[in-house]
Amino acid sequence: MTVDVQRHRGSKGPLDALSNNLGRYVLVLLGLAVLDALGIWLLYRLLRDGAWPVALPILAILLLINILNLSPKLFPVRWHIPAGAIVILIIIFPMVYTFYSAFTNYSDGHILSKQQAISRLEQDTYLPEGGTTYSWTAYRSPEGEFALWLVGPEGEDYLAMRDSFEDVEPGEGIVGPADEEGIPAEMEGYERLSRVEVIKFLPDLDGVKFGQPPDQVQVVDLNSVAPLVQRYTYDEEQDAVIDQREDMVYYADEEVGFFISEEGEQLQPGYMVWNGLYNFQRLFSSSAFRGPFLRIFAWTIAFAFLSVLTTFALGLLVAIAFNDPLVPGRKIIRSLLLIPYTLPGIIGVLIWRGLLNPHLGVVPLTLENWIGWAPPFYTHPMWAKIGILIINLWLGYPYMMLISSGALQAIPEDIYDAAAVDGANSWQQFWNITLPLLLVSVGPLLIASFVFNFNNFAVIYPFLEGRPPMAGTPTPAGHTDILISYTYRIAFEGGRGSDYAYAAAITIVIFVIVAVLTLIQYQFTRRWEEVSESV
Amino acid sequence: MSKLSDVLTTEAAQQKTKKAKPSPRRRNRRGLILRLLVAVLAIAFALFPIIWIISASFNPTGSLASQKLIPDNASLENYQTLLNDPIHPFLRWVVNSLKVSSITAVLGVISIMLSAYSFSRFRFKGRRQLMLALLLIQVFPTLLMFVAIFYLFQQLGQYIPAMGLNQHAPLVLTYLGTQMGIQIWLMKGFFDSIPRDIDESALVDGASHWQIFWRLIFPLARPMIVIVALLVFIASYQEFVLASVLLKDKSQYTLMVGLYLFVSENFSNNWGVFAAGGLLGALPIVVLYQTLQDQIIGGLTAGAVKG
């Protein structure tokens with residue numbers, strides 16, 4: 001069906017329709033104008049600060065909305081604006097950015113763009129020796145905010161507050177009329193402090209900066225307040241930051257993303273720079289990094305494989321047991337068995353964390369009572385892994401039970417009858433008929449489940465946060481860590497600061513593995529064909 | 001999410017064949033006993049952690065060491081502590097979770113419906129490619145992109161405070177993005193099952209597509225809309241990883257992140273209170289799933305079967 005775009009517009013009469021459409025059109029244009037104004041303002045600020053990676057998706061979304069709304073031909077696509085905008089922002093941008101940042105030094109201390117780092121540095125001020133000073137009077141609000149009334153050497157007066165520095169006269173704004181010395185007697189919302197009270201509050205005022213750069217002042221002593229001076233200035237020609245106080249020059253080093261002095265001193269914060277394949281080199285050629293990576297990789301595969309195997313085996317067993325109308329109370333039993341599946345996963349894992357607690361948990365205590373020994377689920381690498389597999393079995397087998405009971409009932413009975421005629425016993429029937437037929441239909445789901453478990457952070461991390469720890473690794477790594485939790489810890493738990501770029505590099509490795517697995521799965525299902533048929 | 005939909009498609013197959021052939025095979029008594037044995041063991045395995053946590057929640061001593069299946073003097077003390085604990089604002093977390101999940105559900109359903117309607121009712125250039133792209137995108141778990149999502153909102157927050165870290169709006173957007181694709185497919189399948197004659201005749205009568213969408217399709221699709229909304233709600237309510245990446249302050253936590261706090265801080269002493277909180281937090285979801293089990297499955301199979 002081709003849609004005639006003109007046909008579905010309003011319809012009472014041609015004039016009605018025209019005015020209707022005109023009104024709507026104007027509304028749409030107005031809406032777009034407002035949205036564009038906001039969007040362009042945001043884009044301008046992002047680009048000014050050099051945060052162009054974030055500007056790109058915003059620009060894309062803005063263009064999408066404008067084009068789709070202005071072109072009548074694209075009316076059918078207009079319906080995808082909300083979903084499209086979200087997908088661009090939450091899926092496509094992060095995907096692209098993950099790939100990009102894996103080739104940078106994005107990490108703690110290198111979060112900002114160069115421009116952002118420079119403007120952060122330019123905010124820094126210091127108290128110069130000598131120079132003008134003001135005498136001051138303090139006012140304090142009930143919330144503990146201070147305001148200062150300053151009088152300069154030539155008698156000029158200013159009002160300095162936390163975020164502002166203004167040239168005002170007594171009687172203006174919140175400032176009350178002046179007393180005989182020319183200082184405001186009162187100020188709205190603030191109480192004037194006497195000399196004695198000021199001494200009491202002096203510690204609170206120490207080091208507090210009033211106003212915004214470049215008009216910023218700081219209390220020096222009881223009698224004077226001095227203007228602060230911008231400490232760092234950026235010199236475009238030398239591509240360097242100059243420290244006015246120490247009289248030093250820090251040159252931009254695009255290799256490491258720092259401003260560095262000739263003595264090798266680095267200025268904080270650094271900024272983000274492209275650093276090529278460095279992260280991947282670390283991953284693949286530095287043995288300190290490669291060691292834990294390979295061990296974690298192996299456990300990730302083992303964990304995913306064993307999880308699928310155990311959950312499927314148990315799920316299938318239970319499904320076979322219940323795939324029989326003679327079993328009484330099947331519906332209730334199914335509901336009970338589904339409880340682990342319906343419980344929010346994280347809560348399930350946390351419950352198990354308590355049950356397996358080596359000193360206090362029910363499982364170790366009971367075993368201790370019965371056989372005098374309990375496995376150290378928290379501290380021994382192998383037992384921690386077994387613990388995780390038990391937990392994941394508990395969480396996952398109801399799902400396997402559901403899918404295999406569905407698939408079991410789809411196997412025609414005649415095949416079994418024929419097999420029985422040929423003299424196959426039930427064990428042979430299971431291995432030669434049930435399992436192969438079952439695997440055909442649930443095979444793709446098993447691969448999907450493997451991929452899911454490959455990244456099953458929500459089981460690994462809440463149980464032991466990856467513990468027990470591996471010894472002597474440059475980034476935090478544990479024996480139960482899988483790749484995704486290892487990545488998470490590098491990004492958010494690094495002892496020496498977060499290393500987002502290295503985490504992104506590992507993420508790319510995971511991407512590749514997941515992509516290959518999924519490709520295999522699609523080969524299996526021929527889902528693409530299904531898709532093209534049904535579209 | 002995709003896991004659930006997989007269940008549902010095989011359930012659909014199951015329902016089809018169930019009607020086709022109900023021929024029971026011969027069973028012997030020994031087989032039945034074996035089956036019942038499996039049943040008992042499986043149920044014991046499924047329920048023993050649950051029973052234990054219920055018991056712990058009523059155990060007033062509240063620490064992991066003093067656990068007994070039937071506590072000596074059962075009381076509601078843990079529940080009282082839970083609701084009045086200033087360090088762990090449980091009710092605040094519940095409110096945060098409900099807020100985030102329901103906003104996600106409402107916004108999600110709206111955008112899902114719009115897209116699904118277009119895919120179902122229009123034929124335009126690039127339609128197939130868009131639908132395929134939607135599936136393809138789902139291949140990569142959003143979880144893998146948490147570093148980039150963290151960066152995105154860390155940057156946006158510098159210009160729009162409400163879109164920054166530690167805010168709920170980014171969490172809602174993230175949840176929408178992760179769940180959208182598969183739900184659009186489901187919804188589109190359901191819309192396809194609504195006969196096109198209805199809207200064709202409305203079109204002839206001069207109705208606009210907006211009118212058809214709101215007056216015709218929306219009421220007809222209401223059961224499916226409720227189900228999609230519930231699925232989105234449940235998935236958002238349960239999510240833990242992205243919430244813990246994006247939220248920093250205790251007062252902003254969602255329930256799952258908050259419950260994890262009990263455990264990561266001082267597990268053995270918080271055990272009883274955690275048990276109470278975990279049960280209360282899980283209850284709505286378990287009840288939803290269990291009571292709506294058939295409707296959710298029924299509604300989705302209706303949607304999945306092409307009309």
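Everything numeric here is computed off the predicted structure, so don't read it as measured data.

What counts as what
- Residues numbered from 1 in each chain as written.
- Chains lettered and ligands numbered in written order.
- Predicted model: local features only at pLDDT ≥ 70, side-chain atom pairs only at ≥ 80, totals over all residues.
- Heavy atoms only, no water.
- Helix = DSSP H or I, 4+ residues; strand = E, 2+ residues; numbered from the N terminus.
- Buried < 20%, exposed > 50% of the residue type's maximum accessible area, 1.4 Å probe, protein only.
- Areas by Shrake-Rupley, 256 points an atom, 1.4 Å probe, with all protein chains shown as cover.
- Pairing = 2+ DSSP bridges.
- Contact = heavy atoms within 4.5 Å.
- Axes fitted to C-alpha atoms, helices over the stretch in contact; angles between N-to-C directions.
- Expected span 1.5 Å × (residues − 1).
- Bend = angle between axes of the 7 residues up to and from the residue.
- Buried area = accessible area lost by both parts, 1.4 Å probe.
- Salt bridge = Lys/Arg side-chain N within 4 Å of Asp/Glu carboxyl O.
- Polar contact = N/O pair within 3.5 Å; in protein donor to acceptor, adjacent residues only side chain to side chain.
- Nonpolar A, V, L, I, M, F, W, Y, C, P; charged D, E, K, R; others polar.
- Core = buried A, V, L, I, M, F, W, Y, C linked by side-chain atoms within 4.5 Å.
- Parallel < 35°, antiparallel > 145°, perpendicular 65-115°, else oblique.

Considering the overall build of chain B
Reasoning step 1: A count of helical and extended segments in chain B gives 12 helices and 0 strands.
Reasoning step 2: Listing each helix as α and each strand as β along chain B from the N terminus yields α-α-α-α-α-α-α-α-α-α-α-α.
Reasoning step 3: Counting over 307 residues, chain B shows a buried share of 57%.
Reasoning step 4: With an accessible surface of roughly 12,900 Å², chain B has 65% of that area assigned to carbon and sulfur atoms.

With respect to the sheet that holds strand β10 (residues 232-235) of chain A
Residues and elements named next belong to chain A.
Reasoning step 1: Across the sheet, 5 strands lie side by side as β10-β11-β12-β13-β14; this open sheet has antiparallel pairing. Only two strands of the sheet have a single partner each, and these edge strands are β10 and β14 (266-267).
Reasoning step 2: In the sheet, strand β13 (residues 258-261) pairs with β14 via 2 bridges, with the strands oriented antiparallel. Bridging from a neighbouring strand, I260 pairs with Q266 of β14.
Reasoning step 3: The strands that helix α5 (residues 114-122) touches are β10, β11 (240-243), β12 (248-253), β13 and β14; relative to β10, the one it contacts most, it runs at about 145 degrees.

Quick notes on helix α7 (residues 168-193) of chain B
Reasoning step 1: Taking 1.5 Å as the rise per residue, α7(B) with 26 residues should run 38 Å; its terminal C-alpha atoms sit 36 Å apart, in good agreement.
Reasoning step 2: At M180(B), α7(B) shows its largest bend, some 50 degrees.

Structural notes on unusual backbone geometry
Residues and elements named next belong to chain A.
Reasoning step 1: In this structure, the amide linkage connecting Q268 to the following residue, P269, adopts the cis form with an omega of -5 degrees.
Reasoning step 2: Following R467, the chain continues into P468 via a peptide bond in cis, with omega recorded as -10 degrees.
Reasoning step 3: By the secondary structure assignment, P468 is in the loop between α15 (457-464) and α16 (483-492).
Reasoning step 4: In this model, D239 sits at a positive phi of 50 degrees, which is unusual for a non-glycine residue.
Reasoning step 5: Among the secondary structure elements, D239 is positioned in the loop between β10 and β11.

As for the interface of chain A and chain B
Reasoning step 1: Between chain A and chain B, the contact holds 117 residues from the first and 111 residues from the second.
Reasoning step 2: Here chain A packs against chain B, burying approximately 10,600 Å² in sum over the two surfaces, 74% of which is carbon and sulfur.
Reasoning step 3: Here chain A and chain B share 0 salt bridges between them.
Reasoning step 4: Summed over the shared surface of chain A and chain B, the number is 13 residue pairs in polar contact (both at pLDDT 80 or more).
Reasoning step 5: The element contributing the most residues to the side of chain A that touches chain B is helix α4 (residues 81-101) of chain A, with 13 residues.
Reasoning step 6: For the side of chain A that touches chain B, the class distribution of residues is 84 nonpolar, 21 polar and 12 charged.

Considering the nonpolar core
Reasoning step 1: If you look at the biggest cluster of nonpolar residues, it comprises 212 residues, and the most contacted ones within it are Y106(A), L337(A) and F191(B).
Reasoning step 2: Look past the residues within four positions of F191(B) in its chain and what remains in contact with it is M113(B), A116(B), Y117(B), S120(B), R121(B), I217(B) and A221(B).
Reasoning step 3: Formed by 17 residues, the second largest nonpolar core is a distinct cluster that contains Y134(A), L148(A), Y158(A) and A160(A).

Some remarks on helix α12 (residues 381-409) of chain A
Residue and element names in this part refer to chain A.
Reasoning step 1: In this model, α12 (29 residues) spans 41 Å end to end at C-alpha, consistent with the 42 Å of a helix rising 1.5 Å per residue.
Reasoning step 2: Taken as a whole, α12 carries its principal kink of about 40 degrees at G396; the proline P398 stands between one and four residues after it.
Reasoning step 3: With 23 of 29 residues buried, α12 lies mostly within the body of the structure.

Quick look at the packing of helix α9 (residues 330-342) of chain A against α12(A)
Residue and element names in this part refer to chain A.
Reasoning step 1: At their nearest, the axes of α9 and α12 sit 6 Å apart, and the two run at 140 degrees to each other. Considering the angle they form, α9 stands oblique to α12. Residue-level inspection shows R330, R334, L337, L338, P340 and Y341 of α9 in contact with α12, the latter providing W394, L395, Y397, P398, Y399, M401, L402 and Q409.
Reasoning step 2: Residues of the contact of α9 with α12, tallied by class, amount to 11 nonpolar, 1 polar and 2 charged.

None of this, on its own, says anything about what the molecule does.
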